[in-house]
Amino acid sequence: MSRYENPIFCALDTTDLEWAVALAHELRGHVGGVKLGLEFFYAHGRDGYGRVADAGLPVFLDLKLHDIPNTVAGGLSSLADLEPAIVNVHAGGGGAMMRAAAGAVSSGQTQVIAVTILTSLDSGDLTEIGFREGAANEHALSLARLTKASGLAGVVCSTHDLTAIRGELGADFLTVVPGIRPAGADNEDQKRIATPAWAVKTGADILVIGRPITRADDPVAAAQALAAECRDALDA
Ligand code: C5P
């Protein structure tokens, strides 16, 4: 069962500041939060972040930091006063980097989480970049274990990895899942995808959903339909 009344965070992947601000206002009451990532933040930085945050929704600042511990800690310290609901690093940066990340964010308002395996990568892609042979979900589980041991609040993972992560790391460990597509929708660049119903039933706390909302003719109606699918799945 998700700990969020509405588990959907809409990914505002755009460089169009006014569109992002308008959509954040429109989506208020229909999603649990919004996500700002590289595309938006590199274009509009702190001021753009502030404009979107003013819409009043929790913000997941998805910058996926991955560098040496000192640099990641410095980067997160520079962002700390924005007090996003969630910020993240790549678990592949290692335990020392994640411990430095946890230490750099002292605000109780912000949860620091780590990306395990990108949902755009499958087992073949992982072998190509040098991971030993094995299922993507085994790699995701070991990275999630390291994330928890390093003191972070949770992970970004695929729904395919959730059962193992929830089972071993417990209900308090925050799980954020992208790669969500309604049945029959275009996968685009995502590979390890799931429907919203499957994700919440498997125990996801937050579902990051971008294009199925932002590219819909009516984004509010799309968000409402996705939220209804989540509610129905949990009530079933
Ligand atoms: O448009 P779509 O629903 O595919 O957007 C998914 C969002 O989640 C994107 O902003 C992407 O950067 C992000 N994300 C992801 N896979 C991860 C981590 C984040 O797709 N493992």
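Up top is the structure these notes are about.
Residues numbered from 1 in each chain as written. Predicted model: local features only at pLDDT ≥ 70, side-chain atom pairs only at ≥ 80, totals over all residues. Heavy atoms only, no water.

1. Topic: the state of the cysteines
Alright, step 1. One pass over the structure, following the stated rule, counts 0 disulfides.
Alright, step 2. Sulfur of cysteine 157: no disulfide; nearest cysteine sulfur belongs to cysteine 230 and is 15 Å away.
Alright, step 3. The closest cysteine sulfur to the non-disulfide-bonded cysteine 230 is located on cysteine 10, 13 Å from its own sulfur.
Alright, step 4. Among the residues examined, cysteine 230 registers a relative accessible area of 1% and is labelled buried. (Disulfide = S-S within 2.5 Å. Buried < 20%, exposed > 50% of the residue type's maximum accessible area, 1.4 Å probe, protein only.)

2. Re unusual backbone geometry
Alright, step 1. Backbone geometry at lysine 64 places phi at a positive 45 degrees, although glycine is not the residue there.
Alright, step 2. Looking at the element boundaries, lysine 64 is found in strand β3 (residues 59–65).
Alright, step 3. Its identity is not glycine, yet glutamate 188 carries a phi of approximately 50 degrees, on the positive side.
Alright, step 4. Secondary-structure assignment places glutamate 188 in the loop between β7 (174–177) and α8 (196–201). (Helix = DSSP H or I, 4+ residues; strand = E, 2+ residues; numbered from the N terminus.)

3. So, the pattern of salt bridges
Alright, step 1. Enumeration over the complete set of coordinates arrives at 11 salt bridges.
Alright, step 2. Where arginine 51 meets glutamate 18, a salt bridge forms, and the shortest distance between an N and an O atom there is 2.9 Å. With a gap of 33 residues between them, arginine 51 in helix α2 (residues 38–53) and glutamate 18 in helix α1 (residues 17–27) connect regions that are remote in the sequence.
Alright, step 3. In this structure, aspartate 161 engages arginine 192 in a salt bridge whose closest nitrogen and oxygen atoms are separated by 2.9 Å. A residue pair is termed long-range when its members are at least 10 positions apart, and aspartate 161 in helix α7 (residues 159–169) and arginine 192 in the loop between β7 and α8 qualify at 31 residues. (Salt bridge = Lys/Arg side-chain N within 4 Å of Asp/Glu carboxyl O.)

4. Side note on the sheet that holds strand β8 (residues 206–209)
Alright, step 1. Within the closed barrel, the 8 strands sit side by side as β1-β2-β3-β4-β5-β6-β7-β8. Their pairing is parallel. The sheet shows a mean angle of 25 degrees between the axes of neighbouring strands, direction not considered.
Alright, step 2. Inspection of the sheet shows strand β6 (residues 154–156) paired to β7 by 3 bridges, in the parallel sense. Within β7, the residue paired with valine 156 across the bridge is valine 176. (Pairing = 2+ DSSP bridges. Axes fitted to C-alpha atoms, helices over the stretch in contact; angles between N-to-C directions.)

5. Let's talk about the packing of helix α3 (residues 69–79) against helix α4 (residues 95–104)
Alright, step 1. Viewed as axis vectors pointing N to C, α3 and α4 meet at an angle of 25 degrees, and their least axial separation amounts to 8 Å. By the criterion of interaxial angle, the relationship of α3 to α4 is roughly parallel. Viewed along their axes, α3 and α4 form a crossing whose handedness is right-handed. Within the contact between the two elements, α3 uses Pro69, Val72, Ala73, Leu76 and Ser77 and α4 uses Ala96, Met97, Ala100, Ala101 and Ala104. (Parallel < 35°, antiparallel > 145°, perpendicular 65-115°, else oblique. Left-handed = near helix turned anticlockwise from the far one by under 90°. Contact = heavy atoms within 4.5 Å.)

6. Focus: the site of the ligand
Alright, step 1. Around the ligand, the structure places 18 residues, and the nearest of them are Asp13, Lys35, Arg181, Gly210 and Arg211.
Alright, step 2. Residue lysine 35 places a side-chain N or O atom 2.7 Å away from an oxygen atom belonging to the ligand.
Alright, step 3. Elements that contribute at least two residues to the shell around the ligand include exactly β3, β8 and α9 (211–214).
Alright, step 4. In the shell around the ligand, the residues fall into 9 nonpolar, 3 polar and 6 charged. (Near = heavy atom within 4 Å. Polar contact = N/O pair within 3.5 Å; in protein donor to acceptor, adjacent residues only side chain to side chain. Nonpolar A, V, L, I, M, F, W, Y, C, P; charged D, E, K, R; others polar.)

7. Structural notes on the nonpolar core
Alright, step 1. Among the nonpolar cores identified, the biggest contains 66 residues, and Leu12, Val52, Leu61, Leu76, Val89 and Leu207 are the most heavily contacted of them.
Alright, step 2. Ignoring sequence-local partners within four residues, the contact set of valine 52 consists of Leu12, Ala20, Val21, Ala24, Val34, Leu36 and Phe40.
Alright, step 3. Within the second largest apolar cluster, 11 residues are counted, among which are Phe60, Ile113, Ile206 and Val208. (Core = buried A, V, L, I, M, F, W, Y, C linked by side-chain atoms within 4.5 Å.)

8. What about the pairing of strand β4 (residues 86–90)?
Alright, step 1. Counted residue by residue, β4 has 5 buried out of 5 residues, so it is predominantly covered.
Alright, step 2. Going residue by residue along β4, you find Ile86, Asn88 and His90 tucked away on one face and Val87 and Val89 tucked away on the opposite face as well.
Alright, step 3. Across 3 bridges, the pairing between β3 and β4 is parallel. Bridging across to β4, leucine 61 finds its partner in valine 87.
Alright, step 4. With α3 bridging β3 and the parallel β4, this β-α-β connection has right-handed handedness.
Alright, step 5. In terms of strand pairing, β4 meets strand β5 (residues 111–115) through 5 bridges, oriented parallel. Its bridge partner being in β5, asparagine 88 is matched across the sheet by isoleucine 113.
Alright, step 6. Read from β4 through α4 to β5, the crossover connection turns out right-handed. (Right-handed = clockwise from strand over helix to strand, strands pointing away.)

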